[in-house]
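# Geometric and topological summary
Chain residues, written in single-letter form:
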Amino acid sequence: MADRAWVRLPSGRRLDLLSPTPFDWTDTDLATGLARTFRWGGHSAWPEPLSVAQHSLTVLALRRSRTRNRLTPAQELRELLHDADEGLINFDCISPLKPFLGPGFAELQARLLAVIATRYRLPAWTSEEKRAHKSVDIAVAAGEAVHVVGWTAQEVRETLGIRAAPMAGDPLAVRYGDPPWRPWAPDVAAARFFEELQALQARAEKGGLPPGAAAP
């Protein structure tokens, strides 16, 4: 019998993590999974841990603000879903530990990312786009390390090896009206991620028009 690693998702669908297809989950499943998957090993200076869903929205917001030309809906979806595999596995391994999990885990992640890219029609990264994404992802990580987890700026640089200066402002605070950098409850994170995912998919279907714009 072939190896299987089944998980039953909130919708009732079943996902084989070792042999996934693009049709194995709903958008709600993905949003819920990311909202229940925590960054930084689940450690937080706040009462709540920080979800990957909230992190993903933060990365998208900062990428938008740092981009001179408007990103296409497909590019924005790619930013939003850059860690989407973690919501299906329900596991975000801290970066220094990933090499110890071996090539099998890396292959599992690659398979999940491939079916996610197919499901949401994500374009392949160009080298320039990947550099821009990584710059934003690292900047967000530096801000989270200080404002969510409680590392000092010096520790971020010297202990964690993150060279980006920690941001003071939270890219999501104005939009949602929450205290800067405070982790959201899982149900809130899931709802906000789902809303953004649906909006971007709708824009992509309309040819990339901004919200509220009428098709010609």
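In the annotation of an unreviewed UniProt entry, the entry for the protein reads HD family hydrolase, and the organism field reads Roseomonas alba.

Glancing now at helix H5 (residues 98–120). For an α-helix, 3.6 residues make a turn, and residues three or four places apart therefore share a direction. Under the 1.5 Å per step criterion, the end-to-end length of H5 is only 26 Å for 23 residues, more than 12% shorter than the ideal 33 Å. At Gly104, H5 shows its largest kink, close to 70°. Of all the residues in H5, the buried ones are Phe105, Leu108, Gln109, Leu112, Val115, Ile116 and Tyr120. Looking at the buried positions of H5, the neighbouring elements they touch are helix H1 (27–35), helix H3 (73–80), helix H4 (84–89) and helix H9 (186–205). Of the residues trailing H5, Arg121 is marked for its positive phi of about 55°.

With that settled, consider the packing of aromatic side chains. Using the criterion set out here, one finds two aromatic pairs in the structure. Relative to Phe105, the ring of Phe91 has its centre 5.9 Å away and its plane inclined at 70°; by these criteria the two rings are edge-to-face. Linking Phe91 in the loop between H4 and H5 with Phe105 in helix H5, this pair joins segments that are 14 residues apart in sequence. Take Phe91: its relative accessible area is 36%, and that puts it in the partly exposed class. The exposure class of Phe105 is buried, given its relative accessible area of 16%. Seen from their ring centres, Tyr176 and Trp184 are 5.1 Å apart, and the 70° between their planes marks the pair as edge-to-face. Across the pair, Trp184 and Tyr176 agree in class, each one buried.

Right, let's talk about empty space enclosed by the protein for a bit. Taken as a whole and judged by the stated rule, the model has one cavity of 30 Å³ or more. For the largest cavity, the calculated volume is near 40 Å³. Around the largest cavity, the lining residues are Leu50, Gln54, Thr58, Glu144, Val148, Asp170 and Trp181. Per-class residue counts for the lining of the largest cavity are three nonpolar, two polar and two charged.

Take the layout of surface pockets next. Considering only enclosed or pocket space, the largest pocket measures out at about 1,100 Å³ in volume. Looking at the lining of the largest pocket, the elements that each hand over two or more residues are H4, H5 and helix H6 (127–149). Examining the composition of the lining of the largest pocket, we find that six residues originate from one element, H6, more than from any other. When its residues are assigned to classes, the lining of the largest pocket shows 17 nonpolar, eight polar and 11 charged. Lining the second largest pocket are Asp27, Ala74, Leu77, Arg119, Tyr120, Arg121, Gln201, Ala204 and Glu205. Counting residues per element, the lining of the second largest pocket draws most heavily on H9, which supplies three residues. Residues that form the lining of the second largest pocket fall into these classes: four nonpolar, one polar and four charged.

Rules of the game
- Residues numbered from 1 in each chain as written.
- Predicted model: local features only at pLDDT ≥ 70, side-chain atom pairs only at ≥ 80, totals over all residues.
- Heavy atoms only, no water.
- Helix = DSSP H or I, 4+ residues; strand = E, 2+ residues; numbered from the N terminus.
- Expected span 1.5 Å × (residues − 1).
- Bend = angle between axes of the 7 residues up to and from the residue.
- Buried < 20%, exposed > 50% of the residue type's maximum accessible area, 1.4 Å probe, protein only.
- Contact = heavy atoms within 4.5 Å.
- Phe/Tyr/Trp six-rings, centres within 6.5 Å; stacked < 30°, edge-to-face > 60°.
- 1 Å grid on protein atoms, 1.4 Å probe; cavity = no way out; pocket = protein on both sides within 12 Å on 5 of 7 lines; lining within 4 Å.
- Points joined across faces, edges and corners; volume = space filled by probe spheres on them.
- Nonpolar A, V, L, I, M, F, W, Y, C, P; charged D, E, K, R; others polar.

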